[in-house]
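# Examination of the molecular architecture
Each chain, written out:
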Amino acid sequence: MQLHISPSMRSLTISSSNEFFDSMKIKVAPPLISYRTLFHTILILAFLLPFVFILTALVTLEGVNKCSSIDCLGRRLGPRLLGRVDDSEQRLVRDFYKILNEVSTQEIPDGLKLPNSFRQLVSDMKNYHYDAKTFSLVLRAMIEKFERDMRESKFAELMNKHFAASSIPKGIHCLSLRLTDEYSSNAHARRQLPSPERLPVLSDNSYHHFVLATDNVLAASVVVSSAVQSSSKPEKIVFHVITDKKTYAGMHSWFALNSVAPAIVEVKSVHQFDWLTRENVPVLEAVETHHGIRNYYHGNHIAGANLSETTPRKFASKLQSRSPKYISLLNHLRIYLPELFPNLDKVVFLDDDIVIQRDLSPLWDIDLHGKVNGAVETCRGEDEWVMSKRLRNYFNFSHPLIAKHLDPEECAWAYGMNIFDLRTWRKTDIRETYHSWLKANLKSNLTMWKLGTLPPALIAFKGHVQAIDSSWHMLGLGYQSNTNIENVKKAAVIHYNGQSKPWLEIGFEHLRPFWTKYVNYSNDFIRNCHILE
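Residues numbered from 1 in each chain as written. Predicted model: local features only at pLDDT ≥ 70, side-chain atom pairs only at ≥ 80, totals over all residues. Heavy atoms only, no water.

Going by what an unreviewed UniProt entry lists, the chain is known as Hexosyltransferase and is assigned to Raphanus sativus. Reading the Pathway (unreviewed entry) entry of the UniProt record for the chain gives the comment "Glycan metabolism; pectin biosynthesis." (UniProt positions renumbered as here; feature names shortened; annotations may be inferred.)

Spelled out as structure tokens, the structure:
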């Protein structure tokens, strides 16, 4: 006898070799559950059972309620499997929130001894058996103390940074003194700049004239060197470097001993300009001699300041606006360019904290459309901090005169790299407007604005500014570290405006190389003064 089962298990055949017995075929009824369904069921159970095991273990370990029945286990595991939290846990959280709300309005007792660290807090909880309310109160007091300490540290840091930014580094002071001594002892350091045969070029409008006002010899050397090295036509460059009386000898020595030929450099002191008299510049004399003004810029910057009602960022902005450079005549000279250079039609005015990385000769071909000042606007751009400046950022619009004459949403523009059409400028009343608003602000005890020389210029040049492409002038390298390096590399002029100048120890290390590449470290004066070593 033989038994044969079909592969599908749907039929059974019985046969015999006995001649009296025929084969017999029996059909089997189809299964109630398909094998595919059975396979999927086993697969799902294999996936779920480990989780059920873990949750069961957790319930057992918690030991809150001993479950001796499947019904109890279901009540315990059900909410967990569905992602729900036990009612007892919810009550605990609600009670804790209630205690936190109570403690947030409660007075912290005087003399409450606070732990100095989280580890000590845990230790005190064990030793003194804190209840939830005591724990919350101590925790709140700790957090508030740490916040006060951090705030005080931040303000102290800002003050120290302000003093560092306002000081003269020892190396730069050394450089100026050594060059001044060289001026008195070395005839070559006193040679005429430029040479007599090149003097006519100083008023030749076919050349590209740059104006730089500074008392920093090292910074001036970087500006001039970067401009010459980046130019496609250095023989067309003429630099007019203006400095003060105390720095003149050192500045003259540097450019007399370090030629930038074929470019031409002229060095003049403010006292060598016949036009700069007290009669022509009465407001600036008042700014420098007025006791209240000098006390504002040179006095105690903390006295009278309510640090609890300001933010570190606002405090930093106020400190920057109180830099002594803002009452320097050199900082106001740009408003007198038409009178200082009566024979020139167009100049590019540069600040001393910039670096030129691209040929600037195309600036002279930009059409200013009858405007006086070609400048980069600072109210739009990728950098939301640097390029978000409108008039509301510079003026006090609660003052009636400011509110009457200015629009707080009007876009601001930047000093640092400006194209000035002097011929058009001479037909305007820009200088008179500048003076009148300076007088008004002095009369109001500086209640209209407090940030440097840009605010009166924003008023005086109103309607006389032509916006130029922002790639010509990139700002912010002196007050924020997260500057986009790729944008820095592509910019024609980069501007270290802010406190963190590249020649200071507080300068940003990753941004400094763009400036130091133009410092001549092989120069004996630079090397002997150990600058930026």
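More follows now that the structure is in view.
Attention now moves to the nonpolar core. With 66 residues, the main nonpolar core has Leu 175, Leu 218, Phe 239, Phe 255, Leu 350 and Ile 494 as its most contacted residues. Apart from residues lying up to four places away in sequence, Phe 255 is in contact with Arg 191, Leu 193, Ala 220, Ser 221, Val 224, Val 241, Val 265 and Val 267. Among the nonpolar cores identified, the runner-up in size contains 42 residues, and Leu 330, Phe 341, Tyr 415 and Met 448 belong to it. (Core = buried A, V, L, I, M, F, W, Y, C linked by side-chain atoms within 4.5 Å. Buried < 20%, exposed > 50% of the residue type's maximum accessible area, 1.4 Å probe, protein only. Contact = heavy atoms within 4.5 Å.)

Inspection of the entire model under this criterion finds two disulfides. Paired by a disulfide, Cys 379 and Cys 411 hold their sulfur atoms 2.0 Å apart. Handedness of the Cys 379-Cys 411 disulfide follows from its S-S torsion of about -100 degrees: it is left-handed. Taken together, the positions of Cys 379 in the loop between β9 (373-375) and α14 (400-405) and Cys 411 in the loop between α14 and β10 (417-421) put the pair 32 residues apart, joining distant regions of the chain. Residue class for Cys 379 comes out buried when judged on its relative accessible area of 9%. What makes Cys 411 buried here is its relative accessible area of 15%. (Disulfide = S-S within 2.5 Å. Helix = DSSP H or I, 4+ residues; strand = E, 2+ residues; numbered from the N terminus.)

As a further point, take the pattern of salt bridges. Considering all chains together, one arrives at 15 salt bridges under this definition. Notably, a salt bridge pairs Lys 246 with Asp 244, separated by 3.3 Å at the nearest N-O pair. Overall, Lys 246 belongs to the exposed group, its relative accessible area being 59%. For Asp 244, a relative accessible area of 15% gives the class buried. Residues participating in the shared-partner salt-bridge network are Asp 215, Asp 244 and Lys 246. (Salt bridge = Lys/Arg side-chain N within 4 Å of Asp/Glu carboxyl O.)

Following both chains from N to C, one finds helix α7 (residues 217-230) and helix α8 (residues 248-257) inclined at 35 degrees, their axes separated by 10 Å at the closest point. The handedness of the crossing between α7 and α8 comes out as right-handed. Listed contacts from α8 to Val 217, Ala 220, Ser 221 and Val 224 of α7 are Gly 250, Met 251, Trp 254 and Phe 255. Residue composition of the contact of α7 with α8, grouped by class: six nonpolar, two polar and no charged. (Axes fitted to C-alpha atoms, helices over the stretch in contact; angles between N-to-C directions. Left-handed = near helix turned anticlockwise from the far one by under 90°. Nonpolar A, V, L, I, M, F, W, Y, C, P; charged D, E, K, R; others polar.)

It is worth spelling out the packing of helix α6 (residues 170-185) against α8 at this point. The contact between α6 and α8 brings their axes to 7 Å, and the two run at 75 degrees. Accordingly, the angle class assigned to the pair α6 and α8 is roughly perpendicular. Of the residues in α8, those touching α6 at Leu 175, Ser 176, Leu 179, Thr 180, Glu 182 and Tyr 183 are Tyr 248, Ala 249, Gly 250, His 252, Ser 253, Trp 254 and Leu 257. Residue composition of the contact of α6 with α8, grouped by class: seven nonpolar, five polar and one charged. (Parallel < 35°, antiparallel > 145°, perpendicular 65-115°, else oblique.)

Locating Thr 453 in the fold gives a position in the loop between α16 (430-443) and α17 (454-460). Judged by relative accessible area, which is 5%, Thr 453 ranks as buried. A polar side-chain atom of Thr 453 sits 3.1 Å from a polar atom in the side chain of Asn 331. (Polar contact = N/O pair within 3.5 Å; in protein donor to acceptor, adjacent residues only side chain to side chain.)

Here we take up α6. Its 16 residues give α6 an end-to-end C-alpha distance of 23 Å, which sits within 8% of 22 Å, the value for a rise of 1.5 Å per residue. Taken as a whole, α6 has its buried residues at Gly 171, Ile 172, Cys 174, Leu 175, Ser 176 and Leu 179. For α6, the secondary structure elements touched by its buried residues are α7, α8 and α20 (524-528). (Expected span 1.5 Å × (residues − 1).)

This next bit is on the pairing of strand β5 (residues 237-243). Judged by how many residues are buried, β5 sits mostly within the fold: seven of seven residues are covered. What you see with β5 is no split at all: Ile 237, Phe 239, Val 241 and Thr 243 on one side and Val 238, His 240 and Ile 242 on the other are buried throughout. Summarising the sheet, strand β4 (residues 208-213) and β5 pair through six bridges and their orientation is parallel. Across the sheet, His 209 pairs through a bridge with Val 238, a residue of β5. One crossover worth recording links β4 to the parallel β5 by way of α7, and it is right-handed. Two strands pair when backbone bridges link them, and β5 and strand β6 (residues 264-269) are joined in this way by six bridges, in the parallel orientation. Within the sheet, the bridge partner assigned to Ile 242 lies in β6 and is Lys 268. (Pairing = 2+ DSSP bridges. Right-handed = clockwise from strand over helix to strand, strands pointing away.)

On to the sheet that holds β6, then. The sheet built from seven strands is open, its strands ordered β6-β5-β4-β7-β10-β9-β11 with mixed pairing. The sheet terminates laterally at β6 and β11 (465-467), the two strands that pair on one side only. Geometrically, the sheet is characterised by an average inter-axis angle of 25 degrees between neighbouring strands, direction not taken into account. When β9 meets β11, the two strands line up parallel, connected through three bridges. Counterpart to Asn 373 in the pairing with β11 is Val 465. Those strands touched by α7 are β4, β5, β6 and β7 (346-350), and its axis lies near 170 degrees from that of β5. Docked against the sheet, α8 engages β5 and β6, running at close to 170 degrees with respect to β6.

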